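# Breakdown of the fold
Below, each chain spelled out in residue letters.
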Amino acid sequence: MKLFNYNISRRHLAKTFTWRFFATCDTVIIGYIVTGSFVSGLQIGIYEIFTKMFLYYLHERLWYKSRFKNPKIRHILKTFSWRFIGTIDTIIISFFVTGNLLFGAKIGIIETITKMILYYLHEKLWYRVNYG
């Protein structure tokens, strides 16, 4: 097995960008609802673009090397593992932007629910896409 497979890596990058688009929109909206400030929601979303794209790409690479063959179990486990990483990142960024740990926790909790649903749907869609 080659260390770097261009087609597989291209697929992971495409998944990273499509997921980040939908997830950032979700974060901006939740940040606005919780803080009452569109600017705060936007700032949280902008920071997340960078941190989460990096974390998501690493998550994809690790799961690619995993041995889970059953797609249903795989999608569910990937959903939970990614959401754990993503929620911790969101809480930290939200606290950094707002200076309020309660806002960070609220955004993280709401996002856990909305993003797990969105991520599961994203995974199901990409499982059917023959790209890379």
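Here's a quick rundown of the structure.

Attention now moves to helix H2 (residues 38-64). The end-to-end C-alpha distance of H2 is 37 Å, a good match for the 39 Å that 27 residues give at a rise of 1.5 Å each. In the structure, H2 departs most strongly from a straight axis at Ile49, where the bend amounts to approximately 35°. Ser40, Gly41, Ile44, Gly45, Glu48, Lys52, Met53, Tyr56, His59, Glu60, Arg61 and Trp63 are the residues of H2 that are buried.

A few words on the packing of helix H3 (residues 71-98) against helix H4 (residues 101-128). As a packed pair, H3 and H4 sit with axes 7 Å apart at the nearest point and diverge in direction by 150°. Taken together, the axis directions place H3 and H4 in an arrangement best described as roughly antiparallel. The handedness of the crossing between H3 and H4 is right-handed.

This part covers the packing of aromatic side chains. Tallied over the full model, the rule gives 7 aromatic pairs. Judged by centre distance (5.2 Å) and plane angle (90°), the rings of Trp19 and Tyr119 are edge-to-face. One end of the pair, Trp19, is in helix H1 (residues 6-35); the other, Tyr119, is in helix H4, with 100 residues separating them in the sequence. This pair shows no difference in class: Trp19 is buried, exactly as Tyr119 is. Geometrically, the ring pair formed by Tyr47 and Phe96 is edge-to-face, given 5.7 Å between the ring centres and 80° between the ring planes. A residue pair is termed long-range when its members are at least 10 positions apart, and Tyr47 in helix H2 and Phe96 in helix H3 qualify at 49 residues. The exposure class assigned to Tyr47 is partly exposed, which follows from its relative accessible area of 41%. Taking the relative accessible area as the measure of exposure, Phe96 reaches 58% and is therefore exposed. Ring pairs connect the aromatic residues Trp19, Tyr56, Trp82 and Tyr119, which therefore count as one cluster.

Here we come to the pattern of salt bridges. Oppositely charged side chains are able to pair whenever their charged atoms sit close together. Under the counting rule described, the total for this entry stands at 10 salt bridges. Glu123 is the salt-bridge partner of Lys15, the closest N and O atoms lying 2.9 Å from each other. Note that Lys15 is positioned in helix H1 and Glu123 in helix H4, a separation of 108 residues in sequence. Taking the shortest distance from any N to any O, the salt bridge between Glu60 and Lys78 comes out at 2.9 Å. Here the residue Glu60 occupies a position in helix H2, and Lys78 occupies one in helix H3, the gap between them amounting to 18 residues. Residues joined in a network through salt bridges with shared partners are Lys15, Glu60, Lys78 and Glu123.

Criteria and cut-off values
Residues numbered from 1 in each chain as written. Predicted model: local features only at pLDDT ≥ 70, side-chain atom pairs only at ≥ 80, totals over all residues. Heavy atoms only, no water. Helix = DSSP H or I, 4+ residues; strand = E, 2+ residues; numbered from the N terminus. Expected span 1.5 Å × (residues − 1). Bend = angle between axes of the 7 residues up to and from the residue. Buried < 20%, exposed > 50% of the residue type's maximum accessible area, 1.4 Å probe, protein only. Axes fitted to C-alpha atoms, helices over the stretch in contact; angles between N-to-C directions. Parallel < 35°, antiparallel > 145°, perpendicular 65-115°, else oblique. Left-handed = near helix turned anticlockwise from the far one by under 90°. Phe/Tyr/Trp six-rings, centres within 6.5 Å; stacked < 30°, edge-to-face > 60°. Salt bridge = Lys/Arg side-chain N within 4 Å of Asp/Glu carboxyl O.

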